[in-house]
Structure formats: structure tokens, C-alpha cells
Amino acid sequence: QLATPHYRRVLLKISGEALSGEGGFGVDPDELRLIAHEIAEAAKVNAEVDPNRLRREGDKPNAGTQIAVVVGGGNIIRGAALAEQGVIPQAVADQMGMLGTVINALALKEALENIGQPARVMSALMVSSVAENFIRGRALRHLEKGRVVIFAAGTGNPFSTTDSGASLRASEISADVVLKATKVDGIYDKDPNKFNDAVRFESLSFDEAINRDLKVMDIGSFAQCRAQNIPIVVFDMKVPGNIARVVAGESIGTRVG
Ligand code: UDP
């Protein structure tokens, strides 16, 4: 029996901390291997699905799930926190933060290719000797060829976030969904670490998500996804197989949309 996939092209947002291990600095090889494996497995989902039903124009048969990744950089530098220390203005600290995401993207690309999953890094900042510049048409070609595309440097603008980068790129590539990988298994009505009776939402509208001022993603990225009608699934990426489950259409976590 064929799976009934919801999503053919996804934008996966992972934080920098996911690459370092909890609260850590830099990149941890074990975490990298784990995440690369999860992404590569998710990329294989849908490969066997009826091509006439789900393909986009121009897609190759058996291409699987098209996966674009936006990586954060909190494991290396957070611009606002660095700027607060006084020496470096935030506009520059944020550039440093964005370069941190390039470091993460390079690491993730190598981890993916090590296990046979082709991948490319495209950066919003020009670092042309280490990564491709972001060019929409090229990104789409990579995806159609079955390469995981890792979008580095967020939006390319200071005073922004990689969450905003995720909703921006998702809009640009017409992703079916934004998958926001977190440490918790969805969005709760109150902090599940503090309240035993916290209840997880199965789904929320964009308006509810914005009105509740949820910390899980910034308002700007919710608003961007609302404008483009791209749902966001907030899910726990520590559970093995979860990325593959979401792209296969299982309802896990909380769906905003
Ligand atoms: N950043 C930025 N513009 C962007 C994306 C990121 O200036 O479009 C900088 C900002 O300084 C931020 C840092 O890069 O603190 C790391 O990104 P983020 O905090 O979003 O990473 P995450 O929390 O997802 O690991």
C-alpha cells in the first residue's frame, strides 16, 4: 500500500543547538550524523508514490521528498547577545551570527554527503569561495534533482532571524510546509516544563498562534507563512524517524495553518 504523503517539498528549520547538543558550542559529530540520517531518510519518503498524482512539473520520477533546510546559528553566535556586551554593534554581530549559520550548513552538507545523500549549501551572504549564492532557480533545480539544499545565512539581513529566513525561503520555493524542529513535541497552552496540566494543541490557526505570542517562532515568520498559506508543523526532532513521519503525512506535533 502506498503512503498518502501530504508534502512533496518541505522546508525544514533546525536550530543551531540541534548540531551542538543541548546548550553546547560548535558542532558535535554525533549530533550531525544523527540529523543527517534523519534528513536522508525523510528524503526517501514518497519515492514510490504514484508519479501522476503528486509530481510537480519538471520533477524526475522517483525523486522522493524535496528537502530544503534552513539552519540556525545559536550554537555559535547570537547577534543580539553579543552586541549587548558592548564592543560590537548589532549590525556586525548579526553578520557574525549569519556566518555561524554558514559554518553549520557546511558541516551538515558534509554529514549528508558522507551517507550518500547529495546536498548543496546556498548562502544569503556572499561567501562564494565556500558556498553557492542563493539563486532561486538554481535552488529549485537542486531540489528537483534530489539534492538537499541547505540555506545558510538566514535572510542575509541583520536584525532578523533564521526563522524568518525559513518562512522567506519556504515562500520563495513554494514549499508545501515549514517543518519547525524543536525539543518539544508541539505547541502547548502553557509551558509543559512548568505545568503538569499543560495541553498540547493538535492544530492552531495562524491568528491563534500570533495572538498567543508563542515563543516557538517569531511573529514575522508566522505572518509570512500566513500570507503565503504555508502551514507550519512544530515537532520534536529528537524522536528518531519524526521528519520522515511528517513528510509521509502522519500528524505529529502541532500544525499551524
Ligand atoms: N541572523 C541574522 N539575520 C538572519 C538570520 C540570522 O542577523 O536573517 C543572525 C542573528 O545574529 C542570530 C544569528 O544569526 O542571532 C543566529 O541565528 P538564529 O538565532 O536564528 O539561530 P537559531 O536560534 O535558530 O540557532
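Residues numbered from 1 in each chain as written. Predicted model: local features only at pLDDT ≥ 70, side-chain atom pairs only at ≥ 80, totals over all residues.

Brief notes about the overall build of the chain
In step 1: Of the regular secondary structure elements, the chain holds ten helices and nine strands.
In step 2: For a compact globule of 257 residues, the expected C-alpha radius of gyration is about 18 Å, and the chain comes in at 17 Å, within 12% of that figure.
In step 3: Considering only C-alpha atoms, the chain reaches an extent of 60 × 50 × 35 Å along its principal axes.
In step 4: Relative to its full complement of 257 residues, the chain shows a buried share of 44%. (Helix = DSSP H or I, 4+ residues; strand = E, 2+ residues; numbered from the N terminus. Rg over C-alpha atoms; globule rule 2.2 N^0.38 Å. Buried ≥ 20, exposed ≤ 12 C-beta atoms within 10 Å, placed from the backbone.)

Quick look at the UniProt feature "binding site: UMP" (unreviewed entry) in the chain
In step 1: Mapped onto the present numbering, the UniProt feature "binding site: UMP" (unreviewed entry) falls on Gly73, Asp94, Thr155, Gly156, Asn157, Pro158, Phe159, Ser160, Thr161 and Thr162. Despite a sequence span of 90 residues, these residues sit close together in the fold, their greatest C-alpha distance being 14.1 Å.
In step 2: With respect to the helices and strands, the residue Thr161 is situated in the loop between strand E5 (148-152) and helix H7 (162-172).
In step 3: Take Thr161: there are 23 C-beta atoms within 10 Å of it, and that puts it in the buried class.
In step 4: Setting aside chain neighbours within four positions, we find Thr161 in contact with Gly154 and Asp218. (UniProt positions renumbered as here; feature names shortened; annotations may be inferred. Contact = placed C-beta atoms within 7 Å.)

Points about unusual backbone geometry
In step 1: With a phi close to 60 degrees, Phe159 is a non-glycine residue in the positive phi region.
In step 2: What makes Phe159 exposed here is the crowd of 11 C-beta atoms within 10 Å.
In step 3: Even without being glycine, Asp213 reaches a positive phi, approximately 50 degrees.
In step 4: If you trace the backbone, Asp213 turns up in the loop between helix H8 (206-211) and helix H9 (219-228).

Observations regarding the UniProt feature "binding site: ATP" (unreviewed entry) in the chain
In step 1: When the UniProt feature table is mapped onto this chain, "binding site: ATP" (unreviewed entry) is found at Lys13, Ile14, Ser15, Gly16, Gly74, Arg78, Thr182, Tyr188 and Asp191. Sequence-wise these annotated residues cover 179 residues; spatially they are dispersed, their C-alpha atoms as much as 25.8 Å apart.
In step 2: In this structure, Gly16 sits in the loop between strand E1 (9-14) and helix H1 (17-20).
In step 3: In this structure Gly16 comes out as buried when scored by C-beta crowding, with 24 C-beta atoms within 10 Å.
In step 4: Summarising the element assignment, Asp191 is placed in the loop between strand E6 (177-182) and strand E7 (203-204).

Here's the deal with the site of the ligand
In step 1: Looking at the ligand, there are 23 residues lining it, with Gly72, Gly74, Gly79, Gly97 and Gly154 nearest.
In step 2: Elements with a minimum of two residues in the shell around the ligand: helix H4 (79-84), helix H5 (90-114) and H7.
In step 3: Among the elements that make up the shell around the ligand, the one with the highest residue count is H5 (five residues).
In step 4: Here the shell around the ligand is composed, by residue class, of three nonpolar, 17 polar and three charged. (Near = placed C-beta within 6 Å. Nonpolar A, V, L, I, M, F, W, Y, C, P; charged D, E, K, R; others polar.)

Quick word on the sheet that holds strand E4 (residues 132-133)
In step 1: Spatially, nine strands are ordered E4-E3-E5-E2-E1-E6-E8-E9-E7 in an open sheet, and the strand pairing comes out mixed. A single partner strand is all that each edge strand has here, and the edge strands are E4 and E7.
In step 2: Where strand E3 (residues 119-123) meets E5, five bridges bridge the pair, whose relative direction is parallel. Opposite Met122, over in E5, you have Phe151 as the bridge partner.
In step 3: Strand contacts of helix H2 (residues 29-44): E1, strand E2 (66-71) and E5, with the helix running at about 150 degrees to E2, the strand carrying the most contacts.
In step 4: Taken strand by strand, H5 contacts E2, E3 and E5, and its axis lies near 170 degrees from that of E3. (Pairing = 2+ DSSP bridges. Axes fitted to C-alpha atoms, helices over the stretch in contact; angles between N-to-C directions.)

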